[in-house]
Structures are given as C-alpha cells and as structure tokens.
Amino acid sequence: MKERATLTSGRTIARSAIWHLAGESVPMLVAIAVLPFIIQGLGVERYGVLGIAWGVIGYFMLFDLGIGRALTREISMMLASGRDDEIPEATAMALVILGALGLVGTALLLAITPWLVEDVLQIPTALWDETRLAFYILALTLPVILVTAGCQGVLVARQRFDVLSSIRIPLGAFTFASPLLILPFSASLSAMVGALAGARLLTLVVMFLVSLRMMPALRGVRFRVERLVPLLRIGGWMTVSNMVGPLMVYLDRFVIGAVLSMSAVAFYVTPYEVVTKLWLIPAVLVGVLFPAFSGSSMSDTKHLARLYERGLSYVTMAMFPLVLVLTTFAPEGLSIWLGPPFTSQSAPVLQWLALGVFFNSIAQVPFALIQGTGRPDLTAKLHIAELPFYLLGCVWLVSELGILGAAIAWSARAVLDSALLLWLASRRLPGLLTPYRSHVLVWLGATLAWLMALWLSDPQLKFWYVVLILMIHGVLTWNILLGESERAFAQSAIRSFLSRGN
C-alpha cells in the first residue's frame, strides 16, 4: 500500500516531471535545429504540404478511440486499489484494439488521399504525385503510432518516466533528424515521410520490448472482452474530444490552404510550430499529473485538489516569462532564424498565437482533472459546442485578415476554452479549492503585459520592458502563486547555495 501511495506523492511527481522534461525537450531542440535546413532543402511549397501532412496524421490519431489515455487511467486506478493482477489483461486488450483501430484509420486515409490532394487542398499540380505517395506512407504508420501510444500509457501509469525518457531521447531525436539525413539524396516529400515512418517503427519495437520486460505476464495473457468495457466507456467520450480537439487545433491550416495558398500555410505553420513547442511545459506537468489525478480520485480528494491548484500555479509561473519574451522579440528572433521574408508575415502570427498557447497551457490542467476523475463527457460536449463557432470565425477572419486572422481566431478560442474548462473543473471539486481570484488577477495581468508588448518596436525599450515585467512577475509568483511550504523550501535552497559560496 505504501508503494502504491508513492505514485501520487509530490517527490514522485517531481522526479517524473524532470524525466519527462528531458524526454520531451531533447527531441524538440533537435527539431528546432534542423527545421531551417529542412525548409531550405524542401522549399516553401513542399514544406507547406509537409505541414498539412503533419496535421492529417495528428487528426487521425482520433482512431485510438481514447483507449490509450483510458488505459493510463484504468491502470492508475488498479494500482491505487491493489488490483495489480488485472493490469496485463487490460493492457493486452488495449494494444490489440489500438492496432485494429489503426488499420481502420489506414484504410480510410488511403481512400480519401486522392480527394484531399486534388480537390480539397490548394496543392500545386506538379506536387500531386509525391504528395499522394507521402500521404499513403503516413496512412501505413497509423497502427504503429497508436500501438506505441498504448505502450507509453503503461509506463506513464506506473510513473516510469525514467524508462520512457531513456527511449524517447535517442529515438525522438532520430525521428526529427531523419528527414535531414535524406535531404542530400532527395528532396521528395515521400522520402521525407518515409524516413519519419521508419523512425516511428523503430520506436514501437523498442517500446514494446520494454513493456514485455516490465510486464512478462503479457506473453501468456488471456484476451477477455469484458476488459474493454471500462476502456470503451471512458475512451468513447475521450474519442469525441480527440475528434473535435485536434480538428480545432489543425483546422486553421486547412482553412488557410483552402482559402489562400500553400505558401501562406508555410508562413503560418512555421511560427505555429515554434510557439507550440512551449506546450512541452504543460505536457510535462500534465503528463505526470493525469495518473496522479486518477489515483487520488479513488481515495484522497483533498490531495487531488492540492495537486490541481499547484498544477495551475506551476504552469502559469513557467509559461508567462517564455510567452512574454517570445511575443516581445518575435520579429528579431524570426529575422535571425529564418530571414526577413518570414519576419514580416510570420511575426504578428507568432505574437497572437503566443497568447493562445499561454491560455491553452493553463487549460490542460483542468482538462486533465476532468478526464482523470472520470468525466470526459464534459470536455467532449464543450468541444462540440465550440467547433461551429470556431469554424465560422476562422473562415471569416482568414478571408478578411489572411494568416493573421487565423492566429486571432485560434487564440480567441483558446482563451474561451480555458475559462470554460476552469469553471467545469471547479464544479468537480466543490468546497475543496482555493478561490480562483488570485490566479485570475495574475492571468489578467499577463494578458495586459502581452498586449503592451505588441506596441513596442525599439529593441532597447523591449529589453527593459521585459526586465521590468519579469521582476513584477517574480514578486507576484512569490506572494501569490507559491505556497508557504514552497517559499520555505526556496529560502532554504537559497541559504544553502549562499553558504556553499562563502
């Protein structure tokens, strides 16, 4: 019982978060380093098509029917209630179903690829053949991606982020670098996607072997259909979120491709890929909090409420400085990284998307709480209600303002979605949460600081503005977002550091 309790302890969560950060950040840094060379090697139009392809594969992840995340929740609850012997059966059934669902997604994507390439998207005729082949290769990787996600879910539920990151760091870096290795020989989209598919397959093989080693009972497990019932019940509603959520995340680039051009998609996708890399931070924290939320919901709702409130504070503290710097120095950063042609069109897009990413990052904490406590239907219904308004707004703003309109629509939806998820989460823990007033004041102040940064143009003035705002943020963090125990820990760490220096 003591061992199971450590899975939701603060020390375990902190250690898992550090490992998770390492596993996510190293591949991301590799991606940032190789992206300019990939753009240069492919050209703007081919890179725009590649951005669409990434969007397609992201959306087709909905075919997991939410089973991967539901498996993590189910294993966490089994561990919390001492039903460890049931885990291999649930895992085996989940992996088999994920593979089968991946094949269904493969068949559908293969069937609609010609229609997407030739009729829906504004892809130049000269690129039709290699784009179709690239989409076909992507379709064949769907079962691999889904089963890999299931294997990851097993490790996440057990808080084994050390093992998971030991796999992700080398193989994730290879996944992002593999297209660059192909460029000296070919600039074809199909070759790029083929390299990515090979890296994904290698990741699955390693992940599955590790799962077998950790859970030898998987080899001789009996397949019991009744194990699917809780997975499908929770996963069914998660599927709705998985359908509508990615659609709203990637819908903007499809609207741009249909209304404007592939070149416009490239100018939009590039800042989008940059700023959304900040999702690494909430993903790391929420990745370790989700199984903790699921396990704590079984026995200790007060601990659950503390974890949730701390999650909101940590995401806010970590995200605001990065969003502020990125917004303030977007023109200078893009000019150095990709050159002036991208700066004039992409810098305003990056600045507006930064606001949306900030609030979307906050929203991931209540989203995980709601799903971890067994109410994924609430998030699904919310996304269904948001979709038509977002679609109409995105089409209208893209028609009127171009790619900047897409960024404004995306961020406006993210802010509204965050507010609604925070309200729904507060209803899941009545009477156990500290009032949101202090957090709301910090979020409003962050929005005002972001808005003022848009009007600055002088680099020196920008520098001193950022210094001033970050000092104010530090004061607010210390007095509002940190708890007494955290302030005491920080003071102790500072005194220890200073004493060593003397």
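Preceding block: the structure.
Here the structure is a predicted model, which is why all the values come from computation and not from measurement.

Reading the values: rules and limits
Residues numbered from 1 in each chain as written. Predicted model: local features only at pLDDT ≥ 70, side-chain atom pairs only at ≥ 80, totals over all residues. Heavy atoms only, no water. Buried < 20%, exposed > 50% of the residue type's maximum accessible area, 1.4 Å probe, protein only. Helix = DSSP H or I, 4+ residues; strand = E, 2+ residues; numbered from the N terminus. Arc of directions from axis to C-beta. Axes fitted to C-alpha atoms, helices over the stretch in contact; angles between N-to-C directions. Parallel < 35°, antiparallel > 145°, perpendicular 65-115°, else oblique. Contact = heavy atoms within 4.5 Å. Nonpolar A, V, L, I, M, F, W, Y, C, P; charged D, E, K, R; others polar. Core = buried A, V, L, I, M, F, W, Y, C linked by side-chain atoms within 4.5 Å. Phe/Tyr/Trp six-rings, centres within 6.5 Å; stacked < 30°, edge-to-face > 60°. Lys NZ or Arg CZ within 6 Å of the ring centre and 35° of its normal. Salt bridge = Lys/Arg side-chain N within 4 Å of Asp/Glu carboxyl O. Patch = residues over 30% accessible without salt bridge, like charges linked within 9 Å, V, L, I, M, F, W, Y side chains within 5 Å. Areas by Shrake-Rupley, 256 points an atom, 1.4 Å probe, with all protein chains shown as cover.

What follows is about helix H13 (residues 330-338). When we look at burial in H13, the residues that qualify are Ala330, Leu334 and Leu338. What you see down the axis of H13 is that its buried residues fit within an arc of 25°, all on one side. Positive backbone phi, at 100°, marks glycine 339, one or two positions downstream of H13.

The next thing to look at is the packing of helix H12 (residues 301-328) against helix H18 (residues 459-481). Where H12 meets H18, the axes come as close as 10 Å, and the angle between the chain directions of the two elements is 175°. In terms of orientation, H12 lies roughly antiparallel with respect to H18. Every residue of H18 that contacts H12 at Arg310, Ser313, Thr316, Met317, Phe320, Pro321, Leu324, Val325 and Thr328 is listed here: Lys462, Tyr465, Val466, Ile469, Leu470, His473, Thr477 and Leu481. Of the residues in the contact of H12 with H18, the class split is 10 nonpolar, five polar and two charged.

Let us look at the nonpolar core. Grouped burial of nonpolar side chains is what soluble globular proteins tend to show. Residues Tyr268, Phe358 and Trp410 are the most contacted members of the largest nonpolar core, which totals 104 residues. Once residues within four sequence positions are removed from consideration, tryptophan 410 is found in contact with Met248, Val249, Asp252, Tyr268, Tyr272, Trp279, Leu353, Gly356, Val357 and Tyr390. Residues Leu71, Val147, Val163 and Ile167 belong to the second largest nonpolar core, which totals 32 residues.

Right, let's get into the packing of aromatic side chains. Across all of its chains, the model carries eight aromatic pairs by this definition. Between tyrosine 272 and tryptophan 410, the aromatic rings sit 5.9 Å apart at their centres with planes inclined by 85°, giving edge-to-face as the arrangement. Of this pair, tyrosine 272 sits in helix H10 (residues 262-275) while tryptophan 410 sits in helix H16 (residues 403-428), and the two are 138 residues apart along the sequence. A ring pair is formed by phenylalanine 320 and phenylalanine 358, whose centres lie 6.4 Å apart and whose planes are at 70°; its orientation type is edge-to-face. Taken together, the residues span a long stretch of sequence, with phenylalanine 320 in helix H12 and phenylalanine 358 in helix H14 (residues 340-372) at a distance of 38 residues. Each of the two residues, phenylalanine 320 as well as phenylalanine 358, counts as buried. What links up through ring pairs into an aromatic cluster is the set Tyr268, Tyr272, Trp279 and Trp410. In this structure, arginine 310 is placed above the aromatic ring of tyrosine 314, and the distance from its NZ or CZ to the ring centre is 5.8 Å. Cation over ring: arginine 413 sits above tyrosine 390, and NZ or CZ is 5.7 Å from the ring centre.

This part takes up the pattern of salt bridges. All told, the structure shown has six salt bridges when counted by the stated rule. The partner of lysine 462 in a salt bridge is glutamate 332, with the nearest N and O atoms 3.0 Å apart. Placement of the pair is lysine 462 in helix H18 and glutamate 332 in helix H13, with a sequence separation of 130 residues. Judged by its relative accessible area of 3%, lysine 462 falls in the buried class. In this structure glutamate 332 comes out as partly exposed when scored by relative accessible area, which is 25%. The residue lysine 381 makes a salt bridge to aspartate 377 at a minimum N-O spacing of 3.7 Å. Of the two residues, lysine 381 and aspartate 377 both sit in helix H15 (residues 376-401), four residues apart, roughly one turn of that helix. Several salt bridges share partner residues, and in doing so they unite Glu118, Asp129 and Arg132 into one network.

A surface patch of nonpolar side chains, amounting to about 350 Å² of accessible area, comprises Leu201, Val205, Phe208 and Leu209. By the secondary structure assignment, leucine 209 is in helix H8 (residues 189-214).

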